[in-house]
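Observations on the model geometry
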Amino acid sequence: MSRNHVTTTVNGDEREFLCSPGQTLLDALRDELGMTGSKEGCGSGDCGACTVVLDGEMVCSCLVLASEAQGRRVETIEGIAEGSQLHPVQQKFLENAALQCGFCTPGFIVASKALLDKNPNPTETEVRYWLAGNLCRCTGYDKIVRAVMDAAAELRQERTAA
Amino acid sequence: MPDLAYHAPDTIKQATDLLAANKGSRPLAGGTDLIVQMQSGRVAPVAIVDLKRIASLKEIREEAGYFAIGAAVPCTSLKNNKALVAEWPGVVEAANLIGSVQVRNRATMSGNLCNASPAADSVPALVAAGATAIVTGASGEREVPVEQIPTAPGKTSLADGEFVSEIRIPRQQKGGSDAYLRSIPRTEMDIAVVGAAASIVLDASGTCTSARIAVGAVAPTVLLVEDASKALVGSKLDDAAVAKAMAAVSAACNPIDDKRGTVAYRKAMAGVLAKRVIQIARERAGGN
Ligand SMILES: Cc1cc2nc3c(=O)[nH]c(=O)nc-3n(C[C@H](O)[C@H](O)[C@H](O)COP(=O)(O)OP(=O)(O)OC[C@H]3O[C@@H](n4cnc5c(N)ncnc54)[C@H](O)[C@@H]3O)c2cc1C
Ligand code: FES
Ligand code: FES
């Protein structure tokens, strides 16, 4: 079977991998690059556990072909914390107990950060609609929404302080 | 599984050459249908021709007579074009009911059309708007009303090697607007049980001079209900005219019975949604 050679930027670093033409970006991240933070819940675009940011827009990496990433920028859950310094979204997920099994969490965190990067002051309704493509079987969503609202407040404060 | 090839051409010419040279190849737009279908084994193309590296297909052009929406424009980008949102709010809303933000950042209206699902959300709105598709192939282009692209669930009128390069939506007329609504069991992330779109033009006296009503998920393809137009044009969209249009919509439906809705429910709901979209389009058009 033929393999495509792909060069792409992942979390700011140039990365290269070989993939089969039908392989998804999710599988390439996990199996070729060993970045197993992005999860496969469904493989069909329904659960959002595989959410990554591709050229500035969040997408389901299970519905992107790895070959499409050639020359593009991919941001994954692995790039959200700065070293051991958690991003406010991550910190607030911990403080609000917004996770139980944790399988959905990488997708929720990437999606929540993508929202706050675009809209630092979302309403609860906006948060809920934005996260409609992320499914959680454990938490009942309420704690997740509260964590995102808290993170938004903290980020706004950090911005005014800076 | 036969060897699959992935191509990412830079020009329309390269894309049509690749599609023509590889029988059994498929254009790839957002992949939100195609990749799901490939994963489940429902389709097994020999080659994928990714349209997203063709610069001209990623643009929305505002021409004097129409908006041209390139085949690689994702649904979320439609919201950034102010003129389009002002003139065709219903089309933009319909496209932005599809899936989740993650899905809409990839999904295109051309893909929604060419996937040929009877429940495709943007298609009734495009049909009501009088949109056309530019079909491009090795021998050139042809312009086709969007309602003639899907022919049956999963089937289109496109010949081998042809693809939709852009969708054209006429510039809105003075006193005109549109709306789309769908009925789903949830508030997000579900397939329409019924969808209805209206595009209405009113003159200065509030008389309806043009009306196009289209419904989805109630027949093998999206329906343009001409009898509903007849009931509305020339009226002031009074209750009697709207009731006639509702009856025409219900009568035109030929739905399936499934876990999402019975035949009777879908027919009745199609009429109800038609009434609501007529009302919204009329308010947006400046009527009351
Ligand atoms: C989780 C989820 C939720 C969804 N929810 C909805 C919903 O609410 N409403 C709805 O209507 N749909 C929904 N969909 C289906 C899908 O997102 C839409 O149909 C979308 O518009 C498809 O566009 P695309 O660009 O991703 O198409 P693709 O998957 O790239 O292509 C779809 C088909 O059309 C062909 N094709 C694509 N572009 C062209 C072209 N320019 N010319 C010729 N053929 C072409 C492809 O070869 C393929 O056969 C959902 C999908 C997912 C995964
Ligand atoms: S694994 Fe991609 S959406 Fe579920
Ligand atoms: S914490 Fe278990 S699925 Fe969300």
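Just so it is clear, the structure is predicted and the values come from calculations on it, not from any experiment.

Near ligand 1 there are 35 residues, and of these B:Arg26, B:Pro27, B:Thr32, B:Asp33 and B:Asp121 occur at the shortest range. More than one chain lines the surroundings of ligand 1; the residues nearby belong to chains A and B. Here B:Thr32 contributes a side-chain N or O atom positioned 2.6 Å from an oxygen atom of ligand 1. Measuring from an oxygen atom of ligand 1, one finds a backbone N or O atom of B:Leu34 at 2.7 Å. Relative to its unbound accessible surface of 980 Å², ligand 1 loses 93% to contact with the protein. Taken together, the elements giving at least two residues each to the shell around ligand 1 come down to strand S2 (25-28), helix H7 (109-114) and strand S10 (163-170) of chain B. Tallying contributions element by element places H7(B) first for the shell around ligand 1, with 4 residues. Its residues placed into classes, the shell around ligand 1 shows 18 nonpolar, 11 polar and 6 charged.

Attention shifts here to the packing of helix H2 (residues 88-95) of chain A against helix H3 (residues 105-118) of chain A. Residues and elements named next belong to chain A. Close contact between H2 and H3 brings their axes to 9 Å; oriented N to C, the two are set at 130°. With respect to H3, the axis of H2 lies oblique. Relative to H3, H2 is oriented so that their crossing is right-handed. Between H2 and H3, the contacting residues are Val89, Gln90 and Phe93 on the first element and Thr105, Phe108, Ile109, Ser112, Lys113 and Leu116 on the second. Counted by class, the contact of H2 with H3 contains 5 nonpolar, 3 polar and 1 charged residues.

What follows deals with the confidence of the model for chain B. Residues at a pLDDT of 70 or more form 99% of chain B, whose mean pLDDT is 95. Taken together, the chains of this predicted complex give a pTM of 0.97 and an interface ipTM of 0.97.

Now for the pairing of strand S1 (residues 4-10) of chain A. All names here are of chain A. Residues Asn4, Val6, Thr8 and Val10 of S1 are buried on one face, while the alternating residues His5, Thr7 and Thr9, pointing to the opposite face, are not. Both S1 and strand S2 (residues 13-19) contribute to a ladder of 7 bridges, which runs antiparallel. By the bridge assignment, Thr7 is partnered in S2 with Glu16. What sits between S1 and S2 in their antiparallel hairpin is a turn of 2 residues, with Asn11 showing a positive phi close to 50°. Sheet analysis places S1 next to strand S5 (residues 73-75), joined by 2 bridges and oriented parallel. Opposite Val10, over in S5, you have Val74 as the bridge partner.

On to helix H5 (residues 142-161) of chain A, then. Spacing of three or four residues puts side chains on the same side of an α-helix, whose turn is 3.6 residues. Residue and element names in this part refer to chain A. Along its 20 residues, H5 runs 29 Å from first to last C-alpha, staying within 8% of the 28 Å computed at 1.5 Å per residue. Taken together, the buried positions of H5 are occupied by Ile144, Val145, Ala147, Val148, Ala151, Ala152 and Leu155. For H5, the angular spread of buried residues about the axis comes to 155°, placing them on one side. The exposed set on the far side of H5, more than 90 degrees from its buried face, consists of Gln157, Thr160 and Ala161. In this fold, the buried residues of H5 make contact with H2, H3 and helix H4 (124-130).

Thresholds, definitions, all that
Residues numbered from 1 in each chain as written. Chains lettered and ligands numbered in written order. Predicted model: local features only at pLDDT ≥ 70, side-chain atom pairs only at ≥ 80, totals over all residues. Heavy atoms only, no water. Near = heavy atom within 4 Å. Polar contact = N/O pair within 3.5 Å; in protein donor to acceptor, adjacent residues only side chain to side chain. Areas by Shrake-Rupley, 256 points an atom, 1.4 Å probe, with all protein chains shown as cover. Helix = DSSP H or I, 4+ residues; strand = E, 2+ residues; numbered from the N terminus. Nonpolar A, V, L, I, M, F, W, Y, C, P; charged D, E, K, R; others polar. Axes fitted to C-alpha atoms, helices over the stretch in contact; angles between N-to-C directions. Parallel < 35°, antiparallel > 145°, perpendicular 65-115°, else oblique. Left-handed = near helix turned anticlockwise from the far one by under 90°. Contact = heavy atoms within 4.5 Å. pLDDT = per-residue confidence, 0-100. Buried < 20%, exposed > 50% of the residue type's maximum accessible area, 1.4 Å probe, protein only. Pairing = 2+ DSSP bridges. Expected span 1.5 Å × (residues − 1). Arc of directions from axis to C-beta.

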